[in-house]
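Now for the letters of each chain:
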Amino acid sequence: QVQLEESGGGLVQAGGSLRLSCAASGRSFTSYSYTMGWFRQAPGKEREFVAAISWSGRTTYYADSVKGRFTISRDNAKNTVYLQMNSLKPEDTAVYSCAADRSIPSTSEAVYGYWGQGTQVTVSS
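In this text the structure is predicted, and so the values were computed from the model without any measurement. (Residues numbered from 1 in each chain as written. Predicted model: local features only at pLDDT ≥ 70, side-chain atom pairs only at ≥ 80, totals over all residues. Heavy atoms only, no water.)

A few points about the environment of T71
(1) Moving on: Among the structural elements, T71 can be located in strand β7 (residues 70-75).
(2) Moving on: A relative accessible area of 42% places T71 in the partly exposed class.
(3) Moving on: As a C-alpha pair, T71 and P105 span 34 residues in sequence and 15 Å in three-dimensional space.
(4) Moving on: Every residue in contact with T71, bar those within four places of it in the chain, is listed here: Y62, Y82, L83 and Q84. (Helix = DSSP H or I, 4+ residues; strand = E, 2+ residues; numbered from the N terminus. Buried < 20%, exposed > 50% of the residue type's maximum accessible area, 1.4 Å probe, protein only. Contact = heavy atoms within 4.5 Å.)

Notes on the pattern of salt bridges
(1) Moving on: Inspection of the entire model under this criterion finds five salt bridges.
(2) Moving on: Across the pair R40 and E48 runs a salt bridge, and its minimum N-O distance is 2.7 Å.
(3) Moving on: With relative accessibility at 5%, the residue R40 sits in the buried group.
(4) Moving on: A salt bridge links D92 to R40, with the nearest nitrogen and oxygen atoms 2.9 Å apart. Pair noted here: D92 is in the loop between β8 (80-85) and β9 (94-101) and R40 is in strand β4 (residues 35-41), with a separation of 52 residues, a long-range link. Exposure class is identical for D92 and R40. Each is buried.
(5) Moving on: Connected via shared salt-bridge partners are R40, E48, R69 and D92. (Salt bridge = Lys/Arg side-chain N within 4 Å of Asp/Glu carboxyl O.)

Encoded structure:
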């Protein structure tokens, strides 16, 4: 019903910036209101919440570790969600995944029923 594809990952130096994009497709996504979230998973670590945004964009959540550095946004006309990542740190290195579900914004990965394949972000010292 919903397909998600992330892009924009890559290798950057500490202090640099990246902008991740998540393109959504499927009739369900375009016809109903979906909340969107970003999660990340580093090698040997559990997947953790990064940011979430309501369908309207009026409600956003951020993990404490990224507040003030990352910004989540969405353009429903383009069926795309973005994650602007500034002041990147080596500890931000992870596979970043986009997620969606018909629910209110949540920090819990269990809420999200649709996931993208992930995009690698590597931050060098």
